[in-house]
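Structural features, examined
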Amino acid sequence: MCHRFLDEGLISGLTGVSHQQVNDDNEPPTYQEATAGYDDMEAQFAWDDKTIRQTFIRKVYAILLVQLLVTVGIVALFSFCAPVRFYIQTHPGLYMASYLMFFATYIALSCCGELRRQFPWNIILLVLFTLSMAFMMGFVSSFYNTKSVVLCLGITSLVCLSVTIFSFQSKVDVTSYQGVLFSLCMVLLLCAITISIVVPFGYVPWLHAMYAVLGAILFTLFLAFDTQMLLGNKRYTISPEEYIFATLSIYLDIVYLFSFLLQIMGGGRD
């Protein structure tokens, strides 16, 4: 009988302990316990994202530097070397061939997302695109005097440096002004259509100057827009996988800015 009471007391004691443990185990964790490691995880993710973005920016600017050096070299060759300049100016078919290559490679890099992410085809297309664009700019620059070309190269460099510093330091979000950029593009398109209609009846200097000034302003804004898209700290960003597209966009902004400045301040050869 004593053994029975002892057994029942032991069983009830163990049962009570087990019930207490189950009740303790079933209690939900507190908010602090549940989110104890989230801060560390978020900090790690933020650091990883920052590292990836910095690597992406360095890659884009390294490729862009090579593109600009090639372009400046070809422009200088066509502008300062008289035999090359004479040959280029007397063979306009080369310009048309480079334009067709530029158009084909631009469409391939802009519209085919998988192609511009696939190595080595993206690099090959980018090289062909850069060479064709540099050839076109060299052909155009050969019709201007060397002082105008050098002056416009210097102004373009200063503008690009200023816009890049502004984009890195400013809190103004240029990526949120897409409507303004679109409106300016429409105005520029209307000016181009008007010039194409008016030119056969006579050259209008002030209309062409207005078109060139508007184009220079527009592509300066586009340079700030694409730079902030590259940085990734504004409303709209570009994916780190799209380094070819980012390089293409900024390169075109700089080249078009140079071409419009050349139209504004460039003097033709005697």
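Residues numbered from 1 in each chain as written. Predicted model: local features only at pLDDT ≥ 70, side-chain atom pairs only at ≥ 80, totals over all residues. Heavy atoms only, no water.

Cut-off, in case you're wondering: UniProt positions are given in the numbering used here, feature names are shortened, and annotations may be inferred rather than shown by experiment.
Under an unreviewed UniProt entry, the name given to the chain is Protein lifeguard 2, and the source organism is Takifugu bimaculatus. Listed in UniProt under the heading Subunit (unreviewed entry), the comment for the chain reads: "Interacts with FAS/TNFRSF6 and BAX." According to the UniProt record, the Sequence similarities (unreviewed entry) comment for the chain reads "Belongs to the BI1 family. LFG subfamily."

1. Overview of the overall build of the chain
The condition that has to hold: Per the convention used, a helix needs a DSSP run of H or I reaching at least four residues, while a strand needs a run of E reaching at least two, with both numbered from the N terminus. Accessibility here uses a 1.4 Å probe with only protein chains present; expressed as a share of the type maximum, an area under 20% marks a residue as buried, one over 50% as exposed, and anything in between as partly exposed. Should any heavy atoms of two residues lie within 4.5 Å, those residues are considered in contact. Using a 1.4 Å probe, accessible areas were evaluated by the Shrake-Rupley method; residue-level cover was limited to the displayed protein chains.
For the chain, the helix and strand inventory stands at 11 helices and 0 strands. For the chain, the N- to C-terminal ordering of α and β elements is α-α-α-α-α-α-α-α-α-α-α. In the chain, which comprises 270 residues, the share counted as buried stands at 34%. The contacts in the chain between residues at least 6 apart in sequence include a share of 83% that link residues at least 24 apart. Just so you have it, the chain exposes about 16,400 Å², and 70% of that area is on carbon and sulfur atoms.

2. A word on helix α11 (residues 243–265)
Our working rule: Multiplying 1.5 Å by the residue count of a helix minus one yields the expected span of that helix.
The terminal C-alpha atoms of α11 lie 33 Å apart, and with 23 residues this matches the ideal 33 Å at 1.5 Å per residue to within 8%. Of all 23 residues in α11, 18 are buried; the element is thus mostly enclosed.

3. Digging into the side chain of T71
Positionally, T71 belongs in helix α3 (residues 38–80). Here T71 is in contact with T130, A134 and Y251, once residues within four sequence places are set aside.

4. Topic: a nonpolar patch on the surface
The criterion, for reference: Patch membership requires more than 30% relative accessible area and the absence of a salt bridge. Residues of like charge join within 9 Å; the nonpolar side chains Val, Leu, Ile, Met, Phe, Trp and Tyr join within 5 Å. Salt bridge, as used here: a side-chain nitrogen of Lys or Arg that lies within 4 Å of a carboxyl oxygen of Asp or Glu.
On the surface, a cluster of nonpolar side chains totalling about 760 Å² of accessible area is made up of F182, M186, L189, L190, I193, I197 and F201. Turning to its location among the elements, L189 is positioned in helix α9 (residues 178–198).

5. What to know about the UniProt feature "transmembrane region" (unreviewed entry) in the chain
The feature "transmembrane region" (unreviewed entry), as given by UniProt, occupies residues 60–88, 94–112, 119–142, 148–168, 180–203, 209–231 and 243–265 in the numbering adopted here. Along residues 119–142 one finds 88% helix and 0% strand; the C-alpha atoms at either end are 35 Å apart. Secondary structure within residues 148–168 divides into 100% helix and 0% strand; the distance between the first and last C-alpha atoms comes to 30 Å.

6. Description of the packing of helix α10 (residues 205–231) against α11
Packed helix pairs are characterised by how far apart their axes lie and by the angle those axes make with each other. Cut-off, in case you're wondering: Helix axes are fitted to C-alpha atoms over the stretch in contact, other axes to C-alpha atoms as well, and angles between N-to-C directions run from 0 to 180 degrees. Working definition: roughly parallel below 35 degrees, roughly antiparallel above 145 degrees, roughly perpendicular at 65 to 115 degrees, and oblique for all remaining angles. Take the far helix as your reference; a near helix turned counterclockwise from it by less than a right angle gives a left-handed crossing, and one turned clockwise gives a right-handed crossing.
At a closest axis distance of 8 Å, the pairing of α10 and α11 adopts a crossing angle of 160 degrees. With respect to α11, the element α10 is oriented roughly antiparallel. The way α10 lies across α11 gives a crossing that is left-handed. For the pair formed by α10 and α11, the contact residues are H208, Y211, A212, V213, G215, A216, F219, T220, F222, L223, D226 and L230 on the first element and A246, S249, I250, D253, I254, Y256, L257, F260, L261, Q263 and I264 on the second.

7. What about the packing of aromatic side chains?
Threshold: Centres within 6.5 Å make a pair out of two Phe, Tyr or Trp rings, where for Trp the six-membered ring is used; the pair is then stacked when the planes are under 30 degrees apart, edge-to-face when over 60, and tilted otherwise.
Considering all chains together, one arrives at 12 aromatic pairs under this definition. With 5.9 Å between their ring centres and 40 degrees between their planes, F219 and F222 make a pair best called tilted. In this pair, F219 and F222 both sit in helix α10, 3 residues apart, roughly one turn of the helix. With relative accessibility at 14%, the residue F219 sits in the buried group. An aromatic cluster is defined as three or more aromatic residues linked by ring pairs; in this entry it consists of Y99, F102, Y106, F129 and Y251.

8. A few points about the environment of V213
Residue position: V213 is located in helix α10. Accessibility expressed as a relative area gives 38% for V213, which makes it partly exposed. Once the C-alpha coordinates of V213 and I264 are considered, the two residues, 51 residues apart in sequence, prove to be 6.9 Å apart.

9. What about the packing of helix α8 (residues 146–169) against α11?
Here is the rule we go by: Residues were grouped as follows: Ala, Val, Leu, Ile, Met, Phe, Trp, Tyr, Cys and Pro as nonpolar; Asp, Glu, Lys and Arg as charged; and all remaining residues, including Gly, as polar.
Here α8 crosses α11 at 135 degrees, and the two axes come no closer than 9 Å. Classed by the angle they form, the pair α8 and α11 counts as oblique. Crossing of α8 over α11 shows right-handed handedness. On the side of α8, the interface is formed by S148, V149, C152, L153, I155, T156, V159 and C160, while α11 contributes I254, L257, F258, L261, L262 and M265. Taken together, the residues of the contact of α8 with α11 sort by class into 12 nonpolar, 2 polar and no charged.

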